[in-house]
Amino acid sequence: MDTAERVLAYGGGWLDRAGPLRTDPTRLSALLTESTTVVLPIWRDRSLVDGDGPVRLTAERASLVRSAAGETVFLGLDGDVAVFAVDLSALTEQAAAEMAGARRSVDVRALVGRLEPGDAAVQAYARGLLHWHRQQRYCGTCGAPAVSDGGGHVRTCTGGECGRLLFPRIEPAIIVLVEAPGASGRCLLARHAGAPEDAYSTLAGFVEVGESLEDAVRREMAEEAGVTVTHVTYQGSQAWPFPAGLMVGFRATATSDEVRVDGEELLEARWFTRAELRDRVASGRTLGRVDAIDHRLLEDWLAEG
Ligand SMILES: [Zn+2]
């Protein structure tokens, strides 16, 4: 499998999102009562789990839960099985857990290594979509309440003259492995404000309005680390719905060795050789978050030399 096809955590297209079904409310209602249907309960951005992982409600159980719950959204089809998610955030954690037959709530990022990749991805998808519903209760244009539509993939403003359609928001961020100029085989890692003393990671930042992804890479590297970069090349992307991110990975090459951190977002940045990074791994440190694209960027780079 080449780099572009390797699946990162929280993505991978495990469900058929079945877009055409979103505009068929009659069919969606029927699916919600089918005996094979699965409904995933989410509580305030957290998965509800029992001893074996996230609970999956049957349609029958879900019909009892839904009367006390917030939005129900259609996630897609797993083969012939319809998969929905239901938001129990209005309840206390204990009430939500009891209602769902779960023991407690857990952040899916704490479970990711133990879950099947498809289960982690679908939990993250459910969490991100339901988060958006809780944040988008009103129309930003006229202030009228907005109601869920299209199986939960759009909200419609109820203001008579307005009726604006509101779509889920995704906030793209770039994450960059910067290489030193020449053939010296060094990459730039930084210590972020608030990170532990010896925790270094790749550089990242949010894309601003009116920027391409490549523009954002060049601006962020200059602002945060005082580094001018060229040869900005796309490496892959990762769904990061915590709550609304999309991480877009790049490589870039610095035009000089000079580094000047901003002292706000970054406290320190310096060049590491592959040997230094391998030593860090050998001494038990991880390269970034193991479930995140920065880990992949660093692993790929290490594998090249
Ligand atoms: Zn409106």
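These figures come from a predicted structure and were not determined experimentally.

**A look at the overall build of the protein**
Helix and strand counts for the protein come out as eight helices and 16 strands. Projected onto its principal axes, the C-alpha positions of the protein cover 60 × 50 × 35 Å. Counting across all 305 residues of the protein, residues that qualify as buried make up 48%. By sequence separation, contacts in the protein at least 24 residues apart represent 64% of the contacts at least 6 residues apart. As displayed, the protein offers around 15100 Å² of accessible surface, 51% of which is attributable to carbon and sulfur atoms. Across the protein, the mean location of the 32 positive side-chain charges is 3 Å away from that of the 44 negative side-chain charges.

**Brief notes about the coordination of the zinc ion**
Ideal values for angles at a metal depend on the geometry: 109.5 degrees with four tetrahedral donors, 90 or 180 degrees with six octahedral donors. Taken together, Cys139 (SG), Cys142 (SG), Cys157 (SG) and Cys162 (SG) make up the full set of protein donors to the zinc ion, lying 2.2 to 2.4 Å away. Of note is the zinc ion, whose four donor atoms meet at the metal with angles of 94 to 115° in an arrangement that counts as tetrahedral. The sequence motif formed by the donor residues of the zinc ion is C-x2-C-x14-C-x4-C. You can call Cys157 buried: its relative accessible area is 4%. Owing to a relative accessible area of 31%, Cys162 belongs among the partly exposed residues under this scheme.

**As for the sheet that holds strand β9 (residues 154-157)**
Backbone-to-backbone hydrogen bonds join strands into a sheet, with any given pair of strands oriented parallel or antiparallel. Overall, antiparallel pairing links the three strands, which are arranged β8-β9-β10 in an open sheet. Of all strands in the sheet, those with a lone pairing partner are β8 (146-149) and β10 (165-166), marking the two edges.

**Some details on the pairing of strand β2 (residues 46-50)**
In this sheet, β2 lies alongside strand β1 (residues 38-43) in antiparallel orientation, the contact comprising two bridges. Opposite Ile42, over in β2, you have Ser47 as the bridge partner. Between the end of β1 and the start of β2, which pair antiparallel, lie two residues, with Arg44 showing a positive phi angle near 45°. As paired strands, β2 and strand β7 (residues 104-106) are joined by three bridges and run antiparallel to one another. Across the sheet, the residue bridging to Ser47 is Val106, located in β7. Looking at chain direction, β2 and strand β3 (residues 53-54) are connected through two bridges and run antiparallel. Its bridge partner lying in β3, Val49 is registered against Pro54. As consecutive antiparallel partners, β2 and β3 are separated by two residues.

**Side note on the side chain of His295**
Residue position: His295 is located in helix α8 (residues 293-302). Owing to a relative accessible area of 16%, His295 belongs among the buried residues under this scheme.

**Looking at unusual backbone geometry**
For the bond from Phe242 to Pro243, the omega torsion is 15°, close enough to zero to count as cis. Tracing the sequence through the fold places Pro243 in the loop between β14 (229-240) and β15 (245-254).

**A few points about the packing of aromatic side chains**
This model, assessed by the stated rule, comprises six aromatic pairs. Aromatic pair Trp240 and Phe242: ring centres 4.9 Å apart, planes at 85°, arrangement edge-to-face. The two residues Trp240 and Phe242 agree in class, both being buried. Put simply, the rings of Tyr10, Trp240 and Phe242 pair up and form one aromatic cluster. Over the ring of Phe242 we find Arg109; its NZ or CZ atom is 4.5 Å from the centre of that ring.

Each value, and the rule that gives it
- Positions within a chain are numbered from 1, following the residues in the order the chain's sequence is written.
- In keeping with the predicted nature of the model, local features appear solely for residues at pLDDT of at least 70, side-chain atom pairs appear and are counted solely at 80 or more, and the whole-chain, interface and lining totals rest on all residues.
- Only hydrogens and water are removed before side-chain values are computed, so all heavy atoms of the structure are retained for them.
- Under the scheme used here, helices are H or I runs from DSSP no shorter than 4 residues and strands are E runs no shorter than 2 residues, and both carry numbers assigned from the N terminus.
- Classification of residues uses two cut-offs on accessible area relative to the type maximum, computed with a 1.4 Å probe and protein chains only: under 20% is buried, over 50% is exposed, and between them is partly exposed.
- Contacts are residue-level and defined by heavy atoms, with any inter-residue pair within 4.5 Å sufficient.
- The method behind every accessible area is Shrake-Rupley, applied with a 1.4 Å probe, and residues are considered shielded solely by the protein chains displayed.
- Positive residues here are Lys and Arg, negative ones are Asp and Glu, while His and the chain termini are left out of the count.
- Where a charge sits is defined by one atom per residue type, namely NZ (Lys), CZ (Arg), CG (Asp) or CD (Glu).
- Coordination partners: N, O, S within 2.8 Å of the metal, 3.2 Å for Na, K and Ca; water not considered, so apparent gaps in a site are possible.
- A four-donor site is called tetrahedral if each angle lies between 85 and 135 degrees; a four-donor site is square planar, and a six-donor site octahedral, when trans pairs exceed 155 degrees and the remaining angles lie between 65 and 115; all other cases are labelled irregular.
- A pair of strands counts as paired when DSSP detects no fewer than two bridges linking them.
- Each Phe, Tyr or Trp ring, with Trp reduced to its six-membered ring, pairs with another whose centre is within 6.5 Å; inter-plane angles below 30 degrees give stacked pairs, above 60 give edge-to-face pairs, and intermediate values give tilted ones.
- Any Lys NZ or Arg CZ that is within 6 Å of a ring centre and within 35 degrees of that ring's normal is treated as a charge sitting over the ring.

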